[in-house]
Amino acid sequence: MSREVQITFDAARPGALSEFWAEALGYVVQPPPEPFGSWAEALTAWGVPPEHHDSRSAAVDPDGAGPRIFFQRVPEEKAGKNRVHLDLRVAPGAVGDERMAALEAESERLVALGAHRLYRVEPDGRMEQGFITMADPEGNEFCLD
């Protein structure tokens, strides 16, 4: 039996990180339940203190195909390299200069949204197709593949 998967990120600012990843993935920030027009309205109605309004957030695939990405506030900062990371497949099937140009364009778009470019690995003509390693606004590494 297969399982549905949710990907969870620890974060300092879940709302902002959720917005970044929604843009990066073509997702949307999960809307509040009916009849609320905003999360602030819903959380206030439920009696959640304002200082806890940014304690969690989620980004969802508007088509319902991809996994939900959940962000939860934690008190500690990120320490060290991620043991698991996301690969954003922005150039599947492309090779060589065409592939690297697509990765560069996506890198520029994500840097404008708050990501940081870490390094680029060139295609080697054998096994390596080339990729760019990035970090989201809170330092979580991911690759453009």
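Fair warning: this is a prediction, and the values are worked out from it, not measured in the lab.

Thresholds, definitions, all that
Per chain, residues are indexed from 1 in the order of the written sequence. Only residues with pLDDT of at least 70 are given local features in this predicted model, and only at 80 or more are side-chain atom pairs given and counted; all residues enter the totals for whole chains, interfaces and linings. Only hydrogens and water are removed before side-chain values are computed, so all heavy atoms of the structure are retained for them. Note on exposure labels: buried denotes an accessible area under 20% of the residue type's maximum, exposed denotes more than 50%, and partly exposed covers the range between, all computed with a 1.4 Å probe on protein chains only. Counting from the N terminus, the helices are DSSP H or I runs at least four residues long and the strands are E runs at least two residues long. Criterion used throughout: strands pair if DSSP finds at least two bridges between them. Any pair of Phe, Tyr and Trp rings, taking the six-membered ring for Trp, is counted once the centres come within 6.5 Å. Such a pair is stacked with planes under 30 degrees apart, edge-to-face with planes over 60 apart, and tilted for the rest.

### Regarding the pairing of strand 7 (residues 131–135)
Now for step 1: Of all the 5 residues making up strand 7, 5 are buried; the element is thus mostly covered by neighbouring parts of the structure.
Now for step 2: Of the two faces of strand 7, the one holding Phe131, Thr133 and Ala135 and the one holding Ile132 and Met134 are both buried throughout.
Now for step 3: One ladder, built from 5 bridges, connects strand 6 (residues 116–121) with strand 7; its direction is antiparallel. In the strand pairing of strand 7, Tyr119 is matched with Thr133.

### Remarks on the packing of aromatic side chains
Now for step 1: Summed over the entire model, instances satisfying the criterion amount to 7 aromatic pairs.
Now for step 2: Ring centres of Phe9 and Trp21 lie 5.5 Å apart, and the angle between their planes is 35°; this geometry places the pair in the tilted category. Of the two residues, Phe9 is situated in strand 1 (residues 6–11) and Trp21 in helix 1 (residues 14–25); the sequence distance between them amounts to 12 residues.
Now for step 3: Aromatic side chains Phe20 and Phe142 sit 6.3 Å apart centroid to centroid with 55° between the ring planes, which places their arrangement in the tilted category.

Bear in mind that shape data such as this cannot, by itself, settle questions of function.
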